[in-house]
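# Fold and contact review
The residues making up each chain are set out below.
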Amino acid sequence: MNRRWLLAAPLAAAGLAGAGFWRMLSGMSSGNFDPRGVPSMLIDKPLPDFALPGFTAADVRAAGHPVVINFFASWCAPCIDEAPTLVALSRAGVALWGIAYKDKPAATDAFLARHGNPFTRLARDEPGVVAIDWGVTGVPETYLVDPKGIVRWRFSGPLPIEAAQALAGRLRA
Amino acid sequence: MLMLLLAGPAWAISDPSEALPDPRQEARAVAIGQQLRCLVCQNESIEESGADLARDLRKIVRTQVAEGRSDADINGWLVARYGNFVRLRPPFNTGTLLLWASPVLAVLIGLGLAIGLRRRTVPPSPLNESERIRLQSLLER
């Protein structure tokens with residue numbers, strides 16, 4: 001009895017660890033898990049109140065449809081990588097609203113002219129204070145806000161094409 | 001270039017323009033900031049970090065200290081935005097129970113194994129008559 005238990009315990013531990021790693025790895029490939037990421041505190045909470053030049057929290061709530069909010073900056077190299085994915089997402093009919101983080105308006109405009117502008121609305125957070133209320137740790141960062149103004153999903157870092165497709169599918173459903 | 005890299009962290013903490021004029025308030029702000037993780041560099045506190053976001057958070061901590069808000073209030077404000085991850089010292093709750101208990105658990109498991117393995121080594125039973133005679137003959141050979 002004792003011996004059988006000694007054999008089963010390490011096997012069970014290995015099995016458990018294996019299942020955990022499998023979940024982490026499958027989450028990483030589908031963009032739902034980032035080992036270095038910080039979970040967002042906003043999930044299933046109302047979007048933080050803000051008023052920026054461009055649009056306000058009230059505008060997001062009044063949109064009447066889900067809004068995908070993307071924090072980006074012209075000085076951010078991963079944002080360049082992400083640009084084609086966002087353009088594809090907006091072509092797929094997803095309402096993308098951009099918030100330029102700590103960026104000079106002229107630089108933002110040049111960035112959008114060069115890499116394509118996927119945003120239906122653009123706000124500017126030059127001091128980067130509104131981003132802190134959202135819990136943004138770095139650009140790019142993407143949030144999904146439902147028509148009731150509740151944040152449903154967040155992705156930190158450049159959106160992988162798979163995650164963008166999953167998001168578009170979710171919004172179509 | 002190397003000098004620049006070495007000097008980097010030093011600027012962040014020693015920029016006098018960031019400090020509050022009241023040294024007691026500044027000391028409080030530093031104490032709070034030293035317990036807050038820089039979200040960009042992850043294993044530095046916001047007081048040590050040269051990152052932009054850390055500087056913004058230092059500024060927010062100082063503004064709130066100057067407004068007279070309590071340490072718990074200021075910590076709560078940051079935790080509401082960034083979660084407990086922002087705290088370098090994780091709170092003790094059901095989610096972190098295993099984390100806090102792990103040193104004790106490791107000692108207990110080690111002790112259990114040590115005692116269990118020691119018990120297993122039963123002293124050999126004494127030789128019976130035929131074995132004793134055989135040993136004797138082997139020794140006398």
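Residues numbered from 1 in each chain as written. Chains lettered and ligands numbered in written order. Predicted model: local features only at pLDDT ≥ 70, side-chain atom pairs only at ≥ 80, totals over all residues. Heavy atoms only, no water.

Let us now look at the overall build of chain B. Secondary structure assignment for chain B yields six helices and zero strands. Shown N-terminal to C-terminal, the secondary structure of chain B runs as helices and strands in the order α-α-α-α-α-α. In summary, chain B has a C-alpha radius of gyration of 30 Å against a globular reference of 14 Å for 141 residues, an excess of more than 25%. Seen along its three principal axes, the alpha-carbon backbone of chain B occupies a region of about 95 × 45 × 25 Å. (Helix = DSSP H or I, 4+ residues; strand = E, 2+ residues; numbered from the N terminus. Rg over C-alpha atoms; globule rule 2.2 N^0.38 Å.)

Moving on: the domain arrangement of chain A. Split by domain assignment, chain A resolves into domain 1 (1–30) and domain 2 (35–172). Using only C-alpha atoms to locate each centre, domain 1 of chain A and domain 2 of chain A end up separated by 38 Å. (Domains from an automatic or database assignment.)

Formed by 66 residues in total, the largest nonpolar core has its most connected members in F50(A), I69(A) and W134(A). With six residues, helix 3 (residues 52–66) of chain B is the single largest residue contributor to this core. Excluding its chain neighbours within four sequence positions, the residues that come into contact with I69(A) are F55(A), V60(A), W97(A), I99(A), W134(A), E141(A), T142(A), Y143(A) and V145(A). (Core = buried A, V, L, I, M, F, W, Y, C linked by side-chain atoms within 4.5 Å. Buried < 20%, exposed > 50% of the residue type's maximum accessible area, 1.4 Å probe, protein only. Contact = heavy atoms within 4.5 Å.)

Let us look at the interface of chain B and chain A. The interface of chain B with chain A comprises 17 residues on the first partner and 14 residues on the second. Counting every contact that joins chain B to chain A gives three salt bridges. Taken together, the links from chain B to chain A amount to three residue pairs in polar contact (both at pLDDT 80 or more). By residue number, the principal contributor to the side of chain B that touches chain A is helix 3 of chain B, which donates six residues. Across the side of chain B that touches chain A, the residue classes tally to 10 nonpolar, two polar and five charged. (Salt bridge = Lys/Arg side-chain N within 4 Å of Asp/Glu carboxyl O. Polar contact = N/O pair within 3.5 Å; in protein donor to acceptor, adjacent residues only side chain to side chain. Nonpolar A, V, L, I, M, F, W, Y, C, P; charged D, E, K, R; others polar.)

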